[in-house]
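The residues making up each chain are set out below.
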Amino acid sequence: MKKLINPYLNKEGYNCFGCSPGNRIGLHLQFWEDGDDVLTVWTPADDYAGWVDTLHGGIIATLMDEVANWVISRKLQAAGVTSHLEVKFRRPVSTLEPQITVRGHLAGHVRNYHTVELTLHDSQGRLCDEGRAVYCIFGEEHAREMGFTGCLTEDEAAGETQP
């Protein structure tokens, strides 16, 4: 797996609830590339419960939306916005889990709308949730205006490999 570098770290005003390390109440997600997938590994906490010891569905949707965005950033080297997000809740996710893994990969596109398929697995590898996100991809100029210049791995940034 290759760790991805957050392309927005130096963007003024960047405070994403999902992936900004400076958001005091955020999830502080980090991302990795694993073949065709982009993933995050995260430790739930009671602060994110929707019911006793159960992760809130809105947090699950947020995790999936974030991974989908990073799939777009890394695999297409593009920026965009969520047009549609669908989550199928298969089994409860405990806030006591030592870690959960959310994975996503590109699944198709029509014009500038790209579909990302997503899964959430608990620490025992059980499938808990599935999702599908559709992203509307911005043009290169608009992406640059937003501060997106590319999504590199740590190795690429160090000059060891090419994207």
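Everything numeric in this text was worked out from a predicted model, so none of it was measured.

Novice: Report on the overall build of the protein, specifying residues and quantitative values.
Specialist: The number of helices and strands found in the protein is three helices and nine strands. Projected onto its principal axes, the C-alpha coordinates of the protein cover approximately 45 × 35 × 30 Å. The buried share among the 163 residues of the protein stands at 42%. In the protein, once contacts between residues fewer than 6 apart in sequence are set aside, the share between residues at least 24 apart is 65%. Of the roughly 8,800 Å² of accessible surface on the protein, 48% is carried by carbon and sulfur atoms. Both charge centroids of the protein, one from 14 positive and one from 23 negative side chains, sit 4 Å from each other.

Novice: Would you mind going over the pattern of salt bridges in detail, with residue names and values included?
Specialist: Side-chain pairs of opposite charge can arise whenever the charged atoms involved come near each other. The full count for this structure, using the stated rule, is nine salt bridges. Asp34 is the salt-bridge partner of Arg103, the closest N and O atoms lying 2.8 Å from each other. Pair noted here: Arg103 is in strand β7 (residues 100-110) and Asp34 is in strand β2 (residues 32-34), with a separation of 69 residues, a long-range link. For Asp34, a relative accessible area of 30% translates into the label partly exposed. A salt bridge links Glu130 to Arg90, with the shortest nitrogen-to-oxygen separation between them at 2.7 Å. Taken together, the positions of Glu130 in strand β9 (residues 127-137) and Arg90 in the loop between β6 (80-89) and β7 put the pair 40 residues apart, joining distant regions of the chain.

Novice: Explain the environment of Asp53 to me, using residue names and the numbers behind them.
Specialist: Positionally, Asp53 belongs in the loop between β4 (49-51) and β5 (54-55). Once the C-alpha coordinates of Asp53 and Trp70 are considered, the two residues, 17 residues apart in sequence, prove to be 28 Å apart. Setting aside its immediate chain neighbours within four residues, Asp53 contacts Val93, Ser94, Thr95 and Leu96.

Novice: Before we move on, could you go through the sheet that holds β9 and cite the residues and values that matter?
Specialist: Taken in spatial order, the seven strands make up an open sheet running β1-β2-β3-β7-β8-β9-β6, and their pairing is antiparallel. Edge positions in the sheet fall to β1 (2-3) and β6, since each of these pairs with one other strand and no more. Where β7 meets strand β8 (residues 113-121), nine bridges bridge the pair, whose relative direction is antiparallel. Of the residues in β8, the one forming a bridge with Val110 is Tyr113.

Novice: Outline the nonpolar core, supporting the account with residue identities and numerical values.
Specialist: Side chains of a nonpolar character, in soluble globular proteins, are inclined to be buried together. Counting 38 residues, the largest nonpolar core has Phe31, Trp42, Leu55, Leu63 and Leu120 as its most contacted members. Of all the secondary-structure elements, those providing two or more residues to this core are β3 (37-42), α1 (57-75), β7, β8 and β9. It is α1 that provides the largest number of residues to this core, a total of ten residues. In this structure, Trp42 is in contact with Leu27, Leu29, Tyr48, Leu55, Ile59, Leu63, Gln99 and Ile100, ignoring residues within four places of it in sequence.

About the cut-offs
Residues numbered from 1 in each chain as written. Predicted model: local features only at pLDDT ≥ 70, side-chain atom pairs only at ≥ 80, totals over all residues. Heavy atoms only, no water. Helix = DSSP H or I, 4+ residues; strand = E, 2+ residues; numbered from the N terminus. Buried < 20%, exposed > 50% of the residue type's maximum accessible area, 1.4 Å probe, protein only. Contact = heavy atoms within 4.5 Å. Areas by Shrake-Rupley, 256 points an atom, 1.4 Å probe, with all protein chains shown as cover. Lys, Arg positive; Asp, Glu negative; His and termini not counted. Charge placed at Lys NZ, Arg CZ, Asp CG, Glu CD. Salt bridge = Lys/Arg side-chain N within 4 Å of Asp/Glu carboxyl O. Pairing = 2+ DSSP bridges. Core = buried A, V, L, I, M, F, W, Y, C linked by side-chain atoms within 4.5 Å.

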